[in-house]
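Observations on the three-dimensional arrangement
Chain by chain, the residues run as shown.
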Amino acid sequence: MSDRVEAVKAAFREKFGGEPDYIVRAPGRVNLIGEHTDYNDGFVFPVAIDREMIIAARPKADRKDFGMRLYSMDYDQLDEFAYNKLEKSAEHPWSDYLRGMLSIWQACAFKVRAFEAVLSGNVPQGAGLSSSAAYEVAVGKLVDEMMASGIPPKQLAMLAQKAENRFIGVQCGIMDQFISALGKADSALLLDCRSLQFRAVPLRLAEQGAAIVITETGVQRGLVDSEYNARRAECAEGVALLAKKLKQTSPKALRDVTFADFKKHEKALPEVVAKRCRHVITENNRVLDSVEALEKGKLEAFGKLMNESHASLRDDYEVSCKELDVLADLTQKHPGVFGARMTGAGFGGCTVAIMKTDAVASYEAKVIPAYEQATGRKARVFVCKAVGGASMLASPMMAAGPS
Ligand code: GLA
């Protein structure tokens, strides 16, 4: 087991005594392309990354005991509450994601029991790499295993999204929770966010001497909730107006509007709404084109689509910020880089780039200082691995072995 898992087990012994029965992990994600398309019934192309939430837990022996005990290693805090009376915590907001999952779980009539748990995450928070989805999915997977509920991963992802929408109050789409639950090692998932059909597309980057490089701008995502919801409303307005013009095809979401139909009626839309629609419609096409490029091993073509995605998010969707633009621009110009773009909701967070593995050192030596000089901020770089979705690392079932 990894050092992190050993550290979580040691913290469990110290806080609660004895060993945890269950250990679960769930990854964060980076989205290669397909931004702000998920809530428009569109396509996304994310990767589960080797940054994850780990939870070690042990159920209380007494099934009538409602008392939960959580220890966060990241915050060095203990939180205690009853699972049958769940509200957000003013004192320990970090426990809200677990509270939210337990709350949705019970609202869906699934059973829960009290447990003691230690939590430790290394997905950077507020960086657009889905630390909250990793946390929610880890809790879902843990409770599913503990209660032998047999909930399939797709449904786990949907429950986690519900927890985020209803309990946390963030109106996110399905992408982050889905990839955390269903990611596949060495692959990206092409996900149709309407049907939830998906396909794992092997990345085969190492064999082409390339890597996925994530760079944190050092700007915490700000404004996300209000601006995110405003974008959703603008998209809804756009599709309602376009539906009036496109009676034969009656689009239900921007996913249903072709670029040709959009161009025909663009002028009938308020200017800002037209820009939002243009981003979503062109971004959906870019996702499908980029999957084709990747499958053919055409990294130059893939990278070009990433660059175009960034420009569209900056100019049409207006969810970038100065730091993301500076970093994306410097990265795109660096020799050995195929493409770079902002990733996630925007307004800060990270860029994702595909570059030659042997360009990473010069990237760190040249681009990072140039970024600091231009913005006054320190960026952090990590080369990431595409890993599998949430999994149990230990459970009584696993200890018993196959029957
Ligand atoms: C956030 C949301 C996702 C998605 C992205 C933008 O990460 O949680 O559902 O909308 O923003 O692509």
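The structure displayed is predicted, hence computed values, not measured ones.

Reading guide: rules and limits
Residues numbered from 1 in each chain as written. Predicted model: local features only at pLDDT ≥ 70, side-chain atom pairs only at ≥ 80, totals over all residues. Heavy atoms only, no water. Pairing = 2+ DSSP bridges. Helix = DSSP H or I, 4+ residues; strand = E, 2+ residues; numbered from the N terminus. Axes fitted to C-alpha atoms, helices over the stretch in contact; angles between N-to-C directions. Near = heavy atom within 4 Å. Polar contact = N/O pair within 3.5 Å; in protein donor to acceptor, adjacent residues only side chain to side chain. Areas by Shrake-Rupley, 256 points an atom, 1.4 Å probe, with all protein chains shown as cover. Nonpolar A, V, L, I, M, F, W, Y, C, P; charged D, E, K, R; others polar. Domains from an automatic or database assignment. Phe/Tyr/Trp six-rings, centres within 6.5 Å; stacked < 30°, edge-to-face > 60°. Lys NZ or Arg CZ within 6 Å of the ring centre and 35° of its normal. Contact = heavy atoms within 4.5 Å. Buried area = accessible area lost by both parts, 1.4 Å probe. Salt bridge = Lys/Arg side-chain N within 4 Å of Asp/Glu carboxyl O.

So, the sheet that holds strand 10 (residues 337-343)
- Taken together, 4 strands build an open sheet; the order of strands is 10-11-9-12 and the sheet is antiparallel. Taken across any chain shown, the strands that pair with only one partner, and hence form the sheet edges, are strand 10 and strand 12 (380-384). Going from strand to strand, the sheet's axes swing by 25° on average, the running direction of each strand aside.
- Examined bridge by bridge, strand 9 (residues 210-216) and strand 12 share 5 bridges and lie antiparallel to one another. In the strand pairing of strand 12, Thr215 is matched with Val381.

Some remarks on the site of the ligand
- Around the ligand, the neighbouring residues are Arg29, Glu35, His36, Asp38, Tyr39, Cys172, Gly173, Met175, Asp176, Tyr228, Gly344 and Ala345.
- For the ligand, an oxygen atom lies 3.0 Å from a polar atom in the side chain of Arg29.
- Within the backbone of Gly173, one N or O atom sits 2.8 Å away from an oxygen atom of the ligand.
- Within the complex, 95% of the 310 Å² of free accessible area of the ligand lies under protein.
- Across the shell around the ligand, the residue classes tally to 5 nonpolar, 3 polar and 4 charged.
- Structurally, the shell around the ligand is a two-domain feature, drawing no fewer than three residues from each of domain 1 (3-201 + 387-400) and domain 2 (207-384).

Observations concerning the packing of aromatic side chains
- Within this structure, the stated rule accounts for 9 aromatic pairs.
- Residue placement shows Lys15 over the ring face of Tyr71; its charged tip is 4.5 Å from the ring centre.
- The lysine or arginine in question, Arg51, covers the ring of Phe382, its NZ or CZ lying 4.0 Å from the ring centre.

Observations concerning the domain arrangement of the protein
- Domains assigned within the protein are domain 1 (3-201 + 387-400) and domain 2 (207-384).
- With 36 residues of domain 1 at the interface, the matching set in domain 2 holds 47 residues.
- The largest share of the area that domain 1 buries against domain 2 comes from Ile33, Glu35 and His36, three residues that together contribute 20% of it.
- Our enumeration of links across domain 1 and domain 2 arrives at 4 salt bridges.
- Per element, the largest residue contribution to the side of domain 1 that touches domain 2 is 4 residues, and it comes from strand 3 (residues 46-59).

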